[in-house]
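# Observations on chain architecture
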Amino acid sequence: SPVCGVCGDGFRGFGFLRCDDGNTTPGDGCSSACEPDNQPPGGADCASPTLLALVSLDFGGGVDLLYASSSGAVVAGSDVGATCAVCDGPEAVYSFALTGTSDVEVSATGADAVTLRSAGAGCSGAEVGCVAGTAAGIMLSAPGLAAGSYLLIVDRNASTSAPDASYSVELT
């Protein structure tokens, strides 16, 4: 008899798989058990961002949501300014791509500012959004974001020698 919805085949079957990115490799946004998983920490600068793979999660009832998450420790150095805050400390930089117009929300903990830029050479892309807050939590909303490539920068004021240089970020 045929097998339906095997994890790793690229299809979510009849909805019992939360995600399926066509492989069983962990750490790429969709785990070997077809559940969302954490991706690698952000890059040190805009020249070497970490790619965030946006996976489509099934929430039932025909509701799908693009999702990515990551955590790590901010990396020493700072090569990007933000209009919403002076963050001369370390950062973590990610890149991601949208294939269509999407409402994007970014939540972060352990950051002093979160900046979203259109991708360009280094950090030269236009700033799309910037929110300053406390390390306890920041939310950045970018409704109607056009298809294209973007950089997400998680920035801190404190140095990496601070007692806790860790952060986490989710993009939906």
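Data block above holds the structure.
Residues numbered from 1 in each chain as written. Predicted model: local features only at pLDDT ≥ 70, side-chain atom pairs only at ≥ 80, totals over all residues. Heavy atoms only, no water.

### A word on the state of the cysteines
Inspection of the entire model under this criterion finds 1 disulfide. Here Cys84 connects covalently by a disulfide to Cys130, the sulfurs 1.9 Å from one another. The sign of the -55° torsion about the S-S bond sets the Cys84-Cys130 disulfide as left-handed. With Cys84 in the loop between β3 (64-73) and β4 (91-98) and Cys130 in strand β7 (residues 127-132), this pair connects stretches of sequence that are 46 residues apart. By relative accessible area, Cys84 is classed as partly exposed at 28%. (Disulfide = S-S within 2.5 Å. Helix = DSSP H or I, 4+ residues; strand = E, 2+ residues; numbered from the N terminus. Buried < 20%, exposed > 50% of the residue type's maximum accessible area, 1.4 Å probe, protein only.)

### Concerning the side chain of Ser31
In this fold, Ser31 is placed in the segment before β1 (50-51). Aside from chain neighbours lying at most four places away, what touches Ser31 is Cys7, Pro26 and Asp37. (Contact = heavy atoms within 4.5 Å.)

### As for the packing of aromatic side chains
Tallied over the full model, the rule gives 1 aromatic pair. With 5.7 Å between their ring centres and 25° between their planes, Phe96 and Tyr150 make a pair best called stacked. Taken together, the positions of Phe96 in strand β4 and Tyr150 in strand β9 (residues 148-155) put the pair 54 residues apart, joining distant regions of the chain. Accessibility classification places Phe96 together with Tyr150 in one group, the buried group. (Phe/Tyr/Trp six-rings, centres within 6.5 Å; stacked < 30°, edge-to-face > 60°.)

### What about the pairing of β4?
Along β4, 7 of the 8 residues are buried, which leaves the element largely enclosed by surrounding structure. For β1 and β4, the ladder comprises 2 bridges, and the chain directions are parallel. Among the inter-strand pairings, Leu51 is bridged to a residue of β4, identified as Ser95. (Pairing = 2+ DSSP bridges.)

### Description of the environment of Ile153
Secondary-structure assignment places Ile153 in strand β9. Overall, the relative accessible area of 0% leaves Ile153 in the buried class. With 23 residues separating them in the primary sequence, Ile153 and Cys130 have C-alpha atoms 9.4 Å apart.

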